[in-house]
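Examining the three-dimensional arrangement
Here is how the chains run, residue by residue.
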Amino acid sequence: MAKREIDLSLVDVENREMRLGSIISWDGSAEELVDNSRYELRSRDKRKSLEGCSGKKEKGCRLCELNMPFNQQTMCTHSIVGCQVGNIPDCILIEHSPIGCSAIHARFNLGYKMGLARRGKKIENIQIFSTNLLENDMVFGASDKLRQTILDAHNRFSPKAIFISMSCSTAIIGEDIESVAQEMEEELEIPIIPLFCEGFRSKHWSTGFDISQHGIMRQIVNKHPQKQEDLINIIALWGTDYFTEILKPLGLRVNYMIDMASFDELAQASEAAVTATFCHTLGSYMATALENEYGVPQVDAGQPYGFKGTDDWLRSIAKIMGKEDIIEEYIKAEHERVLPKIEALRKKLSGIKGFVATGSSYAHGMISVIRELGIEVDGSIVFHHDPVYDSGKSEQDTLKELVDTYGNIDHFTVSKTQQFQFYNLLNRVNPDFIIIRHNGLAPLAAKIGIPAFAMGDEHFPVGYDGIIRVGEALIEILARKKFGQVLKRHVKLPYTDWWLSQKDPFILARNPGILDEVAEPQLLESLTEDASPETPIIKSA
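Keep in mind that this is a model prediction, so the values were computed, not measured.

The next subject is the overall build of the protein chain. Scanning the protein chain from terminus to terminus reveals 24 helices and 15 strands. Computed over its C-alpha atoms, the radius of gyration of the protein chain comes to 24 Å, within 12% of the 24 Å expected for a compact globule of 541 residues. By its C-alpha atoms, the protein chain is 80 × 70 × 50 Å across when sized along the principal axes. Buried positions account for 57% of the 541 residues belonging to the protein chain.

Okay, here's the thing in structure tokens:
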């Protein structure tokens, strides 16, 4: 299959909607989404004419999606850049933006510190500056302010590189961060890396991963690598280092990227023998760029979740490393070691139904793990969907692998952390628990009596032992189910009875005029209830 076109000579990154055909709103079964995605066809040539929503041939990776009239957005590409390159210990990120764009940093700082603790690194605060744009800056420009911020950051912290992130505000007024970066790089003699990540650039935050990785590939990764034959890149976030133990039989050292990696660790990415990831949504762009530019092969497999996923992942790495002779014995021994514990967990979890609400390919892996535990899954939310990944490798089609290995999911929904839909989505499948990554949705599940497993450590379900870790955690969570039932009796949801009675979470997309039909009667009823006898009620003509 053909790789995607990644041009590191360009400072900019094509967003996922254009490059991959990513969508944020869809509802159906997992089997239907596999068929509609046409992974192999899209992987051959993204400019090939495909049949679009209209039934006509259209250019690009077009995949039909439901057009919702509004979003309850919680994240953007600018924020994702903040929690990626803003988490590199010996580098600085400057957000060229109003201070409001930095409001989420307290949360990012907590995640960064927790990640450093998991990896046994020195615990410190994130190092992110803001140019704090004000009204005059928006009118007259703020390039001088950006130059001064770069100088201040360099003088105070002596970073090995400085990133500059574009915001919606600076994009609107046309700030030329690329020219400023080039000028200051010549003066300071360190990489100054412009990142065009304004929040409205893409409808899904995952484009921010690609933008961060693109900047690192262009200006930090060593362009004249000396190969290290025992080094494996793992493109990850803040998770515990389970990969070192998993890969020990293959004699590999793990080089984690991007979060919490040092400048030198990022630079040596081009020197590795192989690149892998725990999630193709996160890692496919950088893995493909490393393969294209420096010949670092990426794993031709899905993700290391469940028995089959972990088996295939290990076999692919062993093949690249020329160690196929030892891997089968290792896999057999691991199966024998963990299977008795997993069988015991299956008995305890018999008859339980689960629900997964996470990022796209991570959800595919997570569902694999809980189905290994014998748990029924007939509903799931993914926060976006990529019909194809940048590698174009059919072996990385994780949704198809999920369906082929573990069966269909009847209600497989694409929805970008939309709280107002969550009640309806959970209500139609009535699970015993949910597993969730973006924790803002977890309280709503608790309010309707469903215990939530907030998966803070994204590496928790990885590998053979990950199946056991998840099973044991679920038993503890299910033991507290009564708390949710008590909470449900004392909490009122912030939605109208009309909305809570809807069976279709996407009724606003399928019937855009329905809000007009129901809004006026409800408004008049509300006015009637609130009005005193002397208050006139104005009705429309």
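Having seen it, we continue.
We now examine the environment of L66. Along the chain, the position of L66 falls in the loop between β3 (57-59) and α4 (77-82). Those residues in contact with L66 that lie beyond four places of it in its chain are S25, W26, D27, F506, A509 and R510.

All right, on to the sheet that holds strand β4 (residues 92-96) then. Strands sit in the order β5-β4-β6-β7 across an open sheet of four strands; the sheet is parallel. With partners counted over all chains shown, the strands left at the sheet margins are β5 (128-130) and β7 (192-195), one partner each. Direction aside, the axes of adjacent strands within the sheet are offset by 20° on average. Strand direction decides the pairing type here: strand β6 (residues 162-166) and β7, joined by four bridges, are parallel.

On the basis of which strands lie adjacent, the open sheet formed by six strands has the order β1-β13-β12-β11-β14-β15 and mixed pairing. The sheet is open, and its two borders are formed by β1 (25-28) and β15 (452-454), each paired with just one other strand. Within the sheet, the average angular offset between the axes of one strand and its neighbour, ignoring direction, is 15°. Pairing of strand β12 (residues 376-382) with strand β13 (residues 411-415) involves four bridges; the strand directions are parallel. Following the sheet pairing, G379 is matched in β13 by H411. Contacts between helix α18 (residues 419-427) and the sheet are confined to β11 (353-358), β12, β13 and β14 (433-436), with β11 contributing the most and set at about 155° to the helix.

As a packed pair, helix α14 (residues 306-321) and helix α15 (residues 324-348) sit with axes 11 Å apart at the nearest point and diverge in direction by 165°. In terms of axis orientation, α14 runs roughly antiparallel to α15. Where α14 crosses over α15, the handedness of that crossing is right-handed. Judged by residue contacts, F307, D311, L314, R315, A318 and K319 of α14 engage E324, I327, E328, Y330, I331, H335, V338, L339, I342 and R346 from α15. Looking at the contact of α14 with α15 residue by residue, the class counts come to nine nonpolar, one polar and six charged.

What follows covers the packing of helix α7 (residues 143-157) against helix α9 (residues 177-188). The geometry of α7 relative to α9 is characterised by a closest axis approach of 10 Å and an angle of 35° between their N-to-C directions. The chirality of how α7 crosses α9 is right-handed. Residues S143, L146, R147, I150, L151 and H154 of α7 form the contact with α9, whose participating residues are I177, V180, E183, M184, E187 and L188.

What follows covers the pattern of salt bridges. Considering all chains together, one arrives at 30 salt bridges under this definition. A salt bridge links D144 to R147, with the shortest nitrogen-to-oxygen separation between them at 2.8 Å. Of this pair, D144 and R147 both sit in helix α7, three residues apart, roughly one helical turn. For D144, a relative accessible area of 61% gives the class exposed. With a shortest N-O distance of 2.6 Å, K308 and D312 are connected by a salt bridge. With K308 and D312 both in helix α14 and four residues apart, this pair spans about one turn of that helix.

The subject of this paragraph is α9. With twelve residues, α9 ought to run about 16 Å at 1.5 Å a step, and its terminal C-alpha atoms sit 16 Å apart, in line with that. Considered for burial, the residues of α9 that qualify are I177, V180, A181, M184 and L188. One side of α9 holds all its buried residues, which, seen down the axis, span an arc of 100°. Elements that come into contact with the buried residues of α9 comprise β4, α7, β6 and β7. Looking one or two residues past α9, E189 carries a phi angle of roughly 60°, positive in sign.

With that settled, the discussion passes to the domain arrangement of the protein chain. Split into domains, the protein chain comes out as domain 1 (77-199) and domain 2 (339-490). Computed from C-alpha coordinates alone, the two centres of domain 1 and domain 2 are separated by 35 Å.

Right, let's get into helix α17 (residues 398-406). For α17, the set of buried residues is T398, L399, L402, V403 and Y406. Axial view of α17: buried residues confined to an arc of 140°, hence all on one face. Buried residues belonging to α17 abut α2 (30-37), α13 (280-294), α14, α16 (360-372) and β13. Once α17 finishes, G407 follows within two positions and takes phi at roughly 95°, a positive value.

This part is about the nonpolar core. Within the largest apolar cluster, 148 residues are counted, with the highest numbers of intra-cluster contacts made by F163, I216, L247, F278, W313, I370 and F422. Among the elements that take part in this core, helix α20 (residues 463-478) stands out by supplying eight residues, more than any other. Formed by 18 residues, the second largest nonpolar core is a distinct cluster that contains V11, I92, I150 and M166.

Within the element layout of this structure, E291 appears in helix α13. A distance of 3.1 Å separates the side chain of E291 from the side chain of Q298, its partner in a polar contact.

Parameters and conventions
Residues numbered from 1 in each chain as written. Predicted model: local features only at pLDDT ≥ 70, side-chain atom pairs only at ≥ 80, totals over all residues. Heavy atoms only, no water. Helix = DSSP H or I, 4+ residues; strand = E, 2+ residues; numbered from the N terminus. Rg over C-alpha atoms; globule rule 2.2 N^0.38 Å. Buried < 20%, exposed > 50% of the residue type's maximum accessible area, 1.4 Å probe, protein only. Contact = heavy atoms within 4.5 Å. Pairing = 2+ DSSP bridges. Axes fitted to C-alpha atoms, helices over the stretch in contact; angles between N-to-C directions. Parallel < 35°, antiparallel > 145°, perpendicular 65-115°, else oblique. Left-handed = near helix turned anticlockwise from the far one by under 90°. Nonpolar A, V, L, I, M, F, W, Y, C, P; charged D, E, K, R; others polar. Salt bridge = Lys/Arg side-chain N within 4 Å of Asp/Glu carboxyl O. Expected span 1.5 Å × (residues − 1). Arc of directions from axis to C-beta. Domains from an automatic or database assignment. Core = buried A, V, L, I, M, F, W, Y, C linked by side-chain atoms within 4.5 Å. Polar contact = N/O pair within 3.5 Å; in protein donor to acceptor, adjacent residues only side chain to side chain.

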